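Each chain is listed here by its residues.
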Amino acid sequence: MGNEQSAPYEGPTEVLEGRDVRSIVKYMKSKECRKVFVMLGAGVSTAAGIPDFRTPGTGLYSNLERLNLPYPEAVFAINYFAENPLPFYTLARELYPGRFRPTLTHTFVKLLADHALLDTCFTQNIDTLERRAGVPAHRIVEAHGSFADQHCIECKRAFDGAQMKAAIERAEIVRCGECGGLVKPDIVFFGEALPPLFERTVPKLREADLLFVIGTSLTVHPFAALTGLVPAGCPRVLINMERAGDIGGRPDDVVLLGRCDDIVREIAQELGWADELEREWAKTEILVPLEALDREQGAKEKDEERAGVETTVADVPASQSQAAYAEGAPAVSKGQEEEARVEAEVDVLTEKVAQALALSEDAGVEAARTATITPGSQSTTSGPGSEEASEGAAAHSSESDSRPPVGDTRSPEASIAGKEKEKL
Ligand code: OAD
């Protein structure tokens, strides 16, 4: 389901003693491991009762027939929303944060912060469960936005949160009092730029000592590309039901397949945090009012502004970045070359965020497109890049050809792929 998978690396490890929980924990306890980064996806919230997007059968995209959409992702596509906002408002009511409890995995991320290991938790999720679990707001980057604020999509005027919540509860479409444009929560839709905080924080990944990637198919860019921005010597640990992205392709990649709550429990046990994990998780039974979290988020954003942009992506020469990107994923080595590569990729990523590049033919986006169009026919065991996946991709593209265009002049196929890419 994820894309850009490379062949699993089978040679010796370089940083970790082995590719198992015990070795990860030994490394976490060492002085080499100071800055832990986390990337989260919908899989961390399934145990809370929120469906993920692409798991065949249970994922949100296989269960939207009732919304009468031209294709499932249209519910989060800005062009489609502009034409027909009702499906999104209907779904927003079901997904609106407040009624869900954080999972053990969210609490594990909190413990990383409590133990002064967490640098940043990048999340694609809009459910705010990281905050509810007690992960400090200034450690969270909600890459795909959240329900915390809302704006008119035309004149960008802010809209009152309480009124928005009430309208969503009634599945009532909100229009701007000034210009009559549609109002939408600040969730990032396909075709929209990611929040500035994402752009500002991405360069920190070059300082990562350890990366956990949990509960994501690594399908949507630019988020998926973050795994490639950590240094070559940074162990990357995928905790997921299935393989995803290129994790497994580097010497110190560890792939732990299974339910994330079970796996983090095992890691916590090995760390000696087992009781603490259960105790902290027990506290999440009492839900924190969303409004209080929103206030906290506001304070966080002020903190971030005060901190300023320490390392701006503009520091990276564009020519360098373009060259590196054109070469695709280069063979990595330590030292200067690696530093240049990471900086170059950061720059490319940011340029993409800023410019919302047009449709590209790269394999990752192609895999993303096919993975998202027909989730019901995905195999959870075959990885993109495999023969089976490529055959599936071909079959899916002809299926997608029959879909009607959604608010732009490109073919439906190009439109969908473009929307995935436009999130860059
Ligand atoms: P996906 O649904 O694409 O992937 C979720 C992944 O989590 C899958 O690989 C599942 O196998 C795995 N999974 C599910 N339950 C799990 C569990 N209990 N333990 C471990 N793994 C589990 O969701 P995302 O990757 O988050 O964007 O999707 C990325 C983006 O696509 C979303 O943010 C959303 C969507 O379009 C927007 O709509 C803006």
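Coordinates for the structure precede this section.
All values reported here derive from a predicted model rather than from experimental measurement.

Asks: Would you take a moment to explain the site of the ligand for this structure?
Replies: Contacts to the ligand come from 25 residues, most closely from Phe53, Tyr61, Thr216, Ser217 and Glu242. Protein contact buries 95% of the 790 Å² of open area that the ligand shows by itself.

Asks: What should I look at first to understand the sheet that holds strand S2 (residues 118-123) in this one?
Replies: The strands making up a sheet associate through hydrogen bonds between their backbones, and the pairing can be parallel or antiparallel. Strand order in this open sheet of six strands is S3-S2-S1-S6-S7-S8, and the pairing throughout is parallel. Of all strands in the sheet, those with a lone pairing partner are strand S3 (140-142) and strand S8 (253-257), marking the two edges. The mean angle between the axes of side-by-side strands here comes to 15°, regardless of whether they run parallel or antiparallel. By the bridge criterion, three bridges tie S2 to S3 in an arrangement that is parallel. Residue pairing across strands places Cys121 opposite Ile140, the latter belonging to S3. Packing of helix H1 (residues 21-29) onto the sheet brings it into contact with strand S6 (210-214), strand S7 (236-240) and S8, and relative to S6 it is tilted by some 135°. Strands in contact with helix H8 (residues 260-271) are S6, S7 and S8; relative to S7, the strand with the most contacts, it is inclined by about 135°.

Asks: Help me out: how do you make sense of the nonpolar core in this one?
Replies: Among soluble globular proteins, nonpolar side chains are generally buried collectively. Phe76 and Phe88 are the most contacted members of the largest nonpolar core, which totals 38 residues. For this core, the secondary-structure elements that each account for two or more residues are helix H2 (78-83), helix H3 (86-95), strand S4 (145-152), helix H6 (161-169) and strand S5 (183-187). For this core, the leading source of residues is H3, giving five residues. The next biggest cluster of nonpolar side chains, apart from the first, holds 37 residues, and it includes Val25, Ala113, Ile263 and Ala268.

Asks: Help me understand the environment of Thr55, please; the structure alone is not making it clear to me.
Replies: Relative to the elements of secondary structure, Thr55 occurs in the loop between strand S1 (36-40) and H2. Here the alpha-carbon distance between Thr55 and Ser217, two residues 162 residues apart in the chain, equals 9.1 Å. Only 2.5 Å separates the side chain of Thr55 from the side chain of Asp52, close enough to count as a polar contact.

Asks: Any chance you could explain unusual backbone geometry here in plain terms?
Replies: Across the chain, the bulk of peptide bonds are trans and the bulk of non-glycine residues have phi less than zero. Note the cis peptide between His221 and Pro222, where omega equals 10°. Tracing the chain through its elements places Pro222 in the loop between S6 and S7. Notably, Ala116 is not glycine yet its phi reads approximately 55°, a positive angle.

Asks: I keep staring at the pattern of salt bridges and nothing clicks. Help me out?
Replies: One side chain can pair with another of opposite charge once the charged atoms of both are near each other. Scanning the entire structure with this criterion turns up 17 salt bridges. A salt bridge links Asp119 to Lys204, with the nearest nitrogen and oxygen atoms 3.0 Å apart. With Asp119 in strand S2 and Lys204 in the loop between helix H7 (196-201) and S6, the pair connects residues that are 85 residues apart, well separated along the chain. In this structure, the salt-bridge partner of Arg265 is Glu278, at a minimum N-O distance of 2.9 Å. Of this pair, Arg265 sits in helix H8 while Glu278 is found in helix H9 (residues 274-283), placing the two residues 13 residues apart along the sequence. With relative accessibility at 32%, the residue Glu278 sits in the partly exposed group. Connected through salt bridges with shared partners, the residues Lys110, Asp114, Glu280 and Lys283 form a single ionic network.

Basis of the calculations
- As a convention, each chain's residues are numbered from 1 in the sequence order in which they are written.
- Only residues with pLDDT of at least 70 get local features here, since the model is predicted, and only at 80 or more are side-chain atom pairs given and counted; chain-wide, interface and lining totals rely on the full set of residues.
- Just so you know, side-chain values use all the structure's heavy atoms and leave hydrogens and water out.
- If even one non-hydrogen atom of a residue comes within 4 Å of a molecule or strand, that residue is called near it.
- Computed with the Shrake-Rupley method and a 1.4 Å probe, the accessible areas treat only the protein chains shown as cover for residues.
- When DSSP locates at least two bridges between a pair of strands, those strands are taken to pair.
- Under the scheme used here, helices are H or I runs from DSSP no shorter than 4 residues and strands are E runs no shorter than 2 residues, and both carry numbers assigned from the N terminus.
- To obtain each axis, a line is fitted to C-alpha atoms, and for helices this fit is confined to the stretch in contact; angles are then taken between N-to-C directions over 0 to 180 degrees.
- Contacts between residues were defined by any pair of non-hydrogen atoms, one from each residue, lying within 4.5 Å.
- Residues grouped as a nonpolar core are buried Ala, Val, Leu, Ile, Met, Phe, Trp, Tyr and Cys residues, joined through side-chain atoms within 4.5 Å.
- Here's how the labels work: a residue is buried when its accessible area is under 20% of the maximum for its type, exposed when over 50%, partly exposed in between, all with a 1.4 Å probe on protein chains only.
- Think of a polar contact as two N or O atoms within 3.5 Å of one another; within protein, one of them needs to be a possible hydrogen donor and the other a possible acceptor, and neighboring residues in sequence only count if both atoms come from side chains.
- Any carboxyl oxygen of Asp or Glu within 4 Å of a side-chain nitrogen of Lys or Arg constitutes a salt bridge here.

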